Every structure is written in C-alpha cells, then in structure tokens.
Amino acid sequence: MRKFAWAARGVAAVSGAMLLGALAMPAAAAAQGPEPKGNKCTSLREVDSTVVDYSSSGLFETVFRSATDRQGHAFLNDSRNPGVWINLALLAGAPTCVHGTAVSVTEEDPGHLYVTLLASDGVLHQAQCTTTNGAPFTPSTLPAACGVGFTALSGTPV
C-alpha cells in the first residue's frame, strides 16, 4: 500500500508542476509552436456572427458569419450573398489550422469588418476588411477589401 501512496503523491506533484508551468509560461513562448503539417489538423466546428445595420430604418441589415470545419479551414459568409462561403485561406497571412473564429463590424458606411482566427499554435490572427452597403463579399472581392490580409496579434494568450 505504501508504494501506491508514494506513487500517487509523485503523480500529483508532477501534475501540479506541469500545470504551474503551463499557466506561468509567457504568451510569446507559447505562441511559437509549429502549425500541424498535412492533414494532421483537426478542429471542432465553430460558428460566429455579427450584424450591421446600414440605415436607421433597419432595412439594410447585413449578417456576417464565420465558421470552421473539422479540418481547420475557416470561412466567411455575407448574408447579401446567400449560400456562398468564402475560404479565408484566400487572404494573405491566414493560418493553416484554425481552431476558432470571431467576427465584429462597425456601423459606418463604409465600415470595417474584423475577422479574428485562433490558430492551432495559440496565436490570434486578425484581418480588417472594408465593408459597404453595396455589393456583397465574394471570393474575388474579399482579398481587395481586406488589404494586407491577416496579421498576428502580438502577446496572444494561449
């Protein structure tokens, strides 16, 4: 019985030390992990949405949706273009293995759509895209609307 008690205390001590190390690790150190190679990226499906009202009457509401699939791809949908989901890998700097996504938008016309992706290495990447009450985003117009594409946000916590 003594052997088991000693082993249990040892496992608890090692687990506690590992947890403390994970919590105390600086974000910069945590953010340097490699992206998965090939088809090794697995992710949960996730969806997020935001609404912009381009007029005070509410007649020009637009819903922007972002989603991920189980292979770590991220997509954007503009409600003015029903059924069209744009692969965000079209934008420069997009991470190859996405675990989470978020979208937010400003109310101006033109305004800004912010698309944030959480990469598998724990780094957040954000793109700022110009929005208008005009034509919806398409795979051919999104890269121009988003300028430089995604940039990593420094100091991202894991």
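An account of the accompanying structure is given in this report. Keep in mind the model is a prediction, meaning the values are calculated, not measured. (Residues numbered from 1 in each chain as written. Predicted model: local features only at pLDDT ≥ 70, side-chain atom pairs only at ≥ 80, totals over all residues. Heavy atoms only, no water.)

**Some words on the state of the cysteines**
Phase 1: Taken as a whole and assessed by the stated rule, the structure comprises 2 disulfides.
Phase 2: One disulfide bridge connects Cys41 with Cys97, the sulfur atoms lying 1.9 Å from each other. Disulfide Cys41-Cys97: torsion about the S-S bond near 80 degrees, hence right-handed. With a gap of 56 residues between them, Cys41 in the loop between helix H2 (27-30) and strand E1 (46-53) and Cys97 in the loop between strand E4 (85-87) and strand E5 (98-105) connect regions that are remote in the sequence.
Phase 3: Classification of Cys97 by relative accessible area gives buried; the value is 1%. (Disulfide = S-S within 2.5 Å. Helix = DSSP H or I, 4+ residues; strand = E, 2+ residues; numbered from the N terminus. Buried < 20%, exposed > 50% of the residue type's maximum accessible area, 1.4 Å probe, protein only.)

**Structural notes on the side chain of Asp121**
Phase 1: Turning to its location among the elements, Asp121 is positioned in the loop between strand E6 (111-119) and strand E7 (124-131).
Phase 2: Classification of Asp121 by relative accessible area gives buried; the value is 16%.
Phase 3: Here the side chain of Asp121 touches Val123 through a polar contact of 3.2 Å, landing on its backbone nitrogen. (Polar contact = N/O pair within 3.5 Å; in protein donor to acceptor, adjacent residues only side chain to side chain.)

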